There are 2 protein chains.
Amino acid sequence: MNSIEIYIGIAAGIITAISLLPQLVKVIREKKAENISVIYLLTLMTGLSLWIWYGILREDLPIIFTNGFSVLVNIILMVLVIKYKKK
Amino acid sequence: MNSIEIYIGIAAGIITAISLLPQLVKVIREKKAENISVIYLLTLMTGLSLWIWYGILREDLPIIFTNGFSVLVNIILMVLVIKYKKK
């Protein structure tokens, strides 16, 4: 893998991973999550986990680390969405 | 790339791509999107586009096609979210 591929892969992964942060901030600030689908977050979590597996098989570090970060943000968001939906 | 890698890559991509569909269905059904962050959708779109570029550079078909599908679903969802936020 050459360096331009690594940079674009890392940029792609970082931007995709941090994309959930504005959603997380919005949920924390407004304490509301009625319009957010829990099935969406659960399906996304499954997909991200498979991407990590795929990255391990292909020895593809950008895929492994960035999807790992996405999973962490997704877990925090899911906990908050379920918490604020209950209210 | 061996066949198990292709299958897991395709499964990862398909599940990640269809993960937005439950969110899309929820928005269509409830006609509400106040809690959904447009910055999130815009950032995700940027990240997905970079993934497609990365897939092209690595000649990685699962990455190209599944992120392409994600972009399509993301565009439809963004149009609806902006539409229902205005109401």
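Residues numbered from 1 in each chain as written. Chains lettered and ligands numbered in written order. Predicted model: local features only at pLDDT ≥ 70, side-chain atom pairs only at ≥ 80, totals over all residues. Heavy atoms only, no water.

1. Focus on the overall build of chain A
When helices and strands are counted, chain A shows 4 helices and 0 strands. In terms of overall dimensions, chain A has C-alpha extents of about 50 × 20 × 15 Å along its principal axes. Counting every position in chain A, which comprises 87 residues, the buried fraction comes to 51%. Sequence separation of at least 24 residues holds for 75% of the intrachain contacts in chain A that already meet a minimum separation of 6. Surface accessibility of chain A: about 4400 Å² in total, with carbon and sulfur atoms responsible for 72%. (Helix = DSSP H or I, 4+ residues; strand = E, 2+ residues; numbered from the N terminus. Buried < 20%, exposed > 50% of the residue type's maximum accessible area, 1.4 Å probe, protein only. Contact = heavy atoms within 4.5 Å. Areas by Shrake-Rupley, 256 points an atom, 1.4 Å probe, with all protein chains shown as cover.)

2. Points about the relation of the copies chain A and chain B
Screw-axis analysis of chain A against chain B gives a translation of 0.0 Å along the axis, an RMSD of 0.0 Å, and a rotation angle of 180°. In the structure described here, the two chain copies are related by an operation that fits a two-fold rotation axis. Considering only C-alpha atoms, the residue of chain A closest to the rotation axis is N35 of chain A, which sits at 2.8 Å. Of all interface residues in chain A, 100% are interface residues in chain B too; the two copies therefore contact each other through one and the same surface. (Least-squares fit on C-alpha atoms with pLDDT ≥ 70 in both.)

3. A short note on the interface of chain A and chain B
The interface of chain A with chain B comprises 41 residues on the first partner and 41 residues on the second. Carbon and sulfur atoms supply 67% of the area that chain A and chain B bury against each other, a total of about 3600 Å² over both sides. Taken as a group, N35, Y40 and W51 of chain A account for 20% of the area that chain A buries against chain B, more than any other trio of residues on that side. Linking chain A with chain B are 4 salt bridges. Residue R58 of chain B is joined to E5 of chain A by a salt bridge in which the shortest nitrogen-to-oxygen separation is 3.9 Å. Only α1 (3-18), α2 (20-30), α3 (38-57) and α4 (61-86) of chain A provide two or more residues apiece to the side of chain A that touches chain B. (Buried area = accessible area lost by both parts, 1.4 Å probe. Salt bridge = Lys/Arg side-chain N within 4 Å of Asp/Glu carboxyl O.)

4. Some points on the pattern of salt bridges
Think of it this way: side chains of opposite charge can pair up when their charged atoms draw near. All chains considered together, the criterion is met by 6 salt bridges over all chains. A salt bridge links E30 of chain A to K26 of chain A; the shortest N-O distance between them is 3.1 Å. Here E30 of chain A and its partner K26 of chain A are both found in helix α2, 4 residues apart, which amounts to about one turn of the helix. Using a relative accessible area of 16% as the deciding quantity, one classes K26 of chain A as buried. Each of E5 and D60 of chain A together with R58 of chain B takes part in one network of salt bridges that share partners.

5. A short note on helix α3 (residues 38-57) of chain B
The end-to-end C-alpha separation of α3 of chain B is 29 Å, in line with the 28 Å expected for 20 residues at 1.5 Å each. Among all positions of α3 of chain B, only Y40, L41, T43, L44, M45, G47, L48, L50, W51, I52, Y54 and G55 of chain B are buried. Of the surrounding elements, those touching the buried residues of α3 of chain B are α1, α2, α3 and α4 of chain A together with α2 (20-30) and α4 (61-86) of chain B. At the N-terminal end of α3 of chain B, a side-chain oxygen is found 3.3 Å from the backbone nitrogen of I39 of chain B, two or three residues along, and the residue is S37 of chain B. Two residues or fewer past α3 of chain B, E59 of chain B is found with a positive phi of approximately 50°. (Expected span 1.5 Å × (residues − 1). Polar contact = N/O pair within 3.5 Å; in protein donor to acceptor, adjacent residues only side chain to side chain.)

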